[in-house]
Amino acid sequence: MEMKKEEEKMKQPMIKLANGVEIPQLGFGTFKVDDGQQVIDSVREALQVGYRHIDTAAVYGNESGVGQGMRESGVPREEIFLTSKVWNSHQGYEETLAAFAETLEKLGTDYLDLYLIHWPKTAEKTAATWKAMEELYRAGKIRAIGVSNFKEHHLVTLFETATIRPMINQVELHPQLAQPELIAFCAEHEIAVEAWGPLMQGKVFTLPFFQELADKYGKSIAQIVLRWHLQKGFIPMPKSITPNRIMSNFEIFDFVLSPEDMAAIDTYNTGERIGPDPDTIEF
Ligand SMILES: NC(=O)c1ccc[n+]([C@@H]2O[C@H](COP(=O)([O-])OP(=O)(O)OC[C@H]3O[C@@H](n4cnc5c(N)ncnc54)[C@H](OP(=O)(O)O)[C@@H]3O)[C@@H](O)[C@H]2O)c1
């Protein structure tokens with residue numbers, strides 16, 4: 001009985017999307033992970049540790065290795081929630097259909113769990129891209145469709161032409177950029193929010209306050225910050241190519257941050273981005 005309770009506590013949480021599909025709340029990132037052995041090893045390792053949600057993108061250039069790592073892990077395809085993204089230069093209706101086919105081929109799979117528009121472009125481009133994604137979704141090739149790096153105004157524009165609302169918005173999100181207004185808007189429209197750069201791309205490890213919290217809970221800084229994401233209801237996808245970090249970043253289901261410590265972390269929100277601003281990108 002006790003054992004069962006322990007197992008229950010350690011289970012990774014799932015988030016139900018607007019269409020009923022469930023996504024594991026903790027994902028695994030692969031940005032800047034080289035195609036070939038590096039991505040094969042880290043994806044295999046992550047799946048063997050217990051992650052069931054892998055995030056890649058066409059522009060990362062590592063989809064082949066991600067697919068290889070998935071196969072080498074021995075975890076059945078249907079147990080893995082797999083995301084990829086259509087790159088900016090492939091936006092448009094025909095272009096997106098072609099980009100999607102190439103992504104599937106590289107990954108060595110016949111469907112995606114989630115396909116995202118990587119960055120917002122012009123309203124026309126985004127509308128055409130979305131039309132292709134809606135078709136692929138209706139054809140059963142993608143279990144959920146969404147966007148990335150969309151601000152509220154990009155979402156509002158997309159709503160004007162969309163017949164299916166995005167189920168996810170993946171944005172830069174961490175204690176320094178907590179985006180409360182965007183989060184509230186997404187909640188109002190049943191759009192789940194994924195956090196990229198959840199560890200501030202490494203910057204969080206230089207902040208003494210997080211070391212103090214880590215000492216208080218007997219956890220690592222990464223575990224504290226990832227736990228903050230989970231308790232906020234975000235879907236973080238930390239990236240690591242280091243086996244012991246891949247493992248420890250997954251060990252965050254057995255403790256809870258107090259409301260006071262959650263609030264203290266919230267005070268770090270200065271609104272400062274680490275990555276590019278979606279309104280001014282030049283790529
Ligand atoms: N949609 C978008 O536009 C977009 C943009 C950026 C990222 N993403 C996605 O989000 C994922 C995560 O974001 P990110 O990769 O930019 O940054 P991140 O996950 O915030 O940070 C990754 C960095 O933290 C280090 N790290 C990880 N765990 C650690 C630990 N326990 N202790 C110390 N250092 C640790 C990693 O080092 P090692 O690898 O050397 O261990 C790496 O340098 C990406 O991989 C990608 O899948 C999406």
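For clarity, every value in this text was computed on a predicted model and none was experimentally measured. (Residues numbered from 1 in each chain as written. Predicted model: local features only at pLDDT ≥ 70, side-chain atom pairs only at ≥ 80, totals over all residues. Heavy atoms only, no water.)

**Some details on the overall build of the chain**
Which entries qualify depends on this criterion: Helix numbers and strand numbers start at the N terminus; a helix is a DSSP run of H or I with at least 4 residues, a strand a run of E with at least 2. As defined in this context, the radius of gyration uses C-alpha atoms, and a globule is described by 2.2 Å times the residue total to the power 0.38. Each residue's exposure class comes from its accessible area (1.4 Å probe, protein chains only) as a fraction of the maximum for that residue type: buried when under 20%, exposed when over 50%, partly exposed otherwise. It only takes one pair of heavy atoms within 4.5 Å for two residues to be counted as in contact. Accessibility throughout is a Shrake-Rupley quantity obtained with a 1.4 Å probe, and a residue counts as covered only by protein chains that appear here. Counting rule applied: Lys, Arg positive; Asp, Glu negative; His and chain ends not counted. By convention, the charge on Lys lies at NZ, on Arg at CZ, on Asp at CG and on Glu at CD.
Looking only at helices and strands, the chain has 11 helices and 10 strands in total. Since a compact globule built from 283 residues should have a radius of gyration of about 19 Å, the 18 Å found for the chain is in line with a globular shape. Each principal axis of the C-alpha distribution contributes one length, and for the chain these read about 55 × 40 × 35 Å. Evaluated residue by residue, the chain yields a buried proportion of 54% over its 283 residues. Relative to all contacts within the chain whose residues are 6 or more apart in sequence, the contacts with residues 24 or more apart total 74%. For the chain, the accessible surface area stands at approximately 12600 Å², while carbon and sulfur atoms represent 53% of it. For the chain, the centre of its 28 positive side-chain charges and the centre of its 41 negative side-chain charges are spaced 2 Å apart.

**Some remarks on the side chain of serine 42**
For serine 42, the position within the fold is in helix α2 (residues 37–49). We classify serine 42 as buried; its relative accessible area is 2%. What serine 42 contacts, discounting residues up to four positions off in sequence, is Phe28, Val33, Ser240, Ile241 and Ile246.

**Brief notes about the packing of α2 against helix α10 (residues 243–250)**
Note the cut-off: Lines are fitted to the C-alpha atoms to define the axes, a helix being fitted only along its stretch in contact, and any angle between axes, read from their N-to-C directions, falls within 0 to 180 degrees. The crossing is said to be left-handed when, going from far helix to near helix, the turn is anticlockwise and less than a right angle, and right-handed when the turn is clockwise. Gly counts as polar in this scheme, as do all residues outside two lists: the nonpolar Ala, Val, Leu, Ile, Met, Phe, Trp, Tyr, Cys and Pro, and the charged Asp, Glu, Lys and Arg.
Running from N to C, α2 and α10 point in directions that differ by 35°, and their axes come no closer than 10 Å. The two elements α2 and α10 meet at a crossing, and its hand is right-handed. On α10, the residues that touch Ser42, Glu45, Ala46 and Val49 of α2 are Pro243, Ile246, Met247 and Phe250. Looking at the contact of α2 with α10 residue by residue, the classes come out as six nonpolar, one polar and one charged.

**Here's the deal with helix α11 (residues 259–266)**
Filter applied, for reference: Directions from the helix axis toward the C-beta atoms define the arc.
The set of residues buried in α11 consists of Asp261, Met262 and Ile265. When α11 is viewed along its axis, its buried side chains cluster within an angular range of 105° and face the same direction. Across α11 from its buried face, at more than 90 degrees, point the exposed residues Pro259 and Glu260.

**Some thoughts on the pairing of strand β8 (residues 168–172)**
Both faces of the sheet carry side chains from a regular strand, because those side chains alternate between them. Defined as follows: Here, any two strands with at least 2 DSSP bridges between them count as paired. With its strands directed away from the observer, a crossover is right-handed exactly when the path from the first strand over the helix to the second travels clockwise.
Where burial is concerned, most of β8 is hidden: five out of the five residues are buried. Of the strand pairs in this sheet, strand β7 (residues 142–148) and β8 are connected by three bridges, and their pairing is parallel. Of the residues in β8, the one forming a bridge with serine 148 is glutamine 170. What joins β7 to β8 is helix α6 (residues 152–161), and the crossover it makes is right-handed.

**Points about the sheet that holds strand β6 (residues 112–117)**
One key point about sheets: their strands pair by backbone hydrogen bonds, in either a parallel or an antiparallel sense. One open sheet accounts for eight strands, arranged β3-β4-β5-β6-β7-β8-β9-β10; its pairing is parallel. Bordering the open sheet on either side are β3 (28–29) and β10 (235–236), each of which pairs with just one other strand. Its contacts with the sheet place helix α4 (residues 93–107) against β5 (81–86), β6 and β7, and it is angled at close to 135° to β6.

**Some details on the confidence of the model for the chain**
Filter applied, for reference: What pLDDT expresses is the predictor's confidence in each residue, scored from 0 to 100.
Mean pLDDT over the chain: 96, with 96% of residues reaching 70 or higher. The secondary-structure element of the chain with the lowest mean pLDDT is helix α1 (residues 2–10), recorded at 56, while β6 shows the highest, at 99.

**With respect to the environment of isoleucine 80**
Within the secondary structure, isoleucine 80 is located in the loop between α3 (63–73) and β5. Classification of isoleucine 80 as buried rests on a relative accessible area of 2%.

**So, the site of the ligand**
Rules: Here a residue is considered near a molecule or strand provided that any single heavy atom belonging to it is located within 4 Å of it. For this analysis, a polar contact is any N or O atom pair within 3.5 Å, provided that within protein one partner can donate a hydrogen and the other can accept it, and provided that sequence-adjacent residues contribute only side-chain to side-chain pairs.
Inspection of the region around the ligand gives 28 residues, with Asp55, Gln201, Lys239, Ser240 and Thr242 positioned closest. Between an oxygen atom of the ligand and a side-chain N or O atom of histidine 118, the distance comes to 3.3 Å. In the environment of the ligand, an oxygen atom lies 3.3 Å from a nitrogen or oxygen atom belonging to the backbone of proline 198. A per-class count over the shell around the ligand returns 12 nonpolar, 12 polar and four charged.

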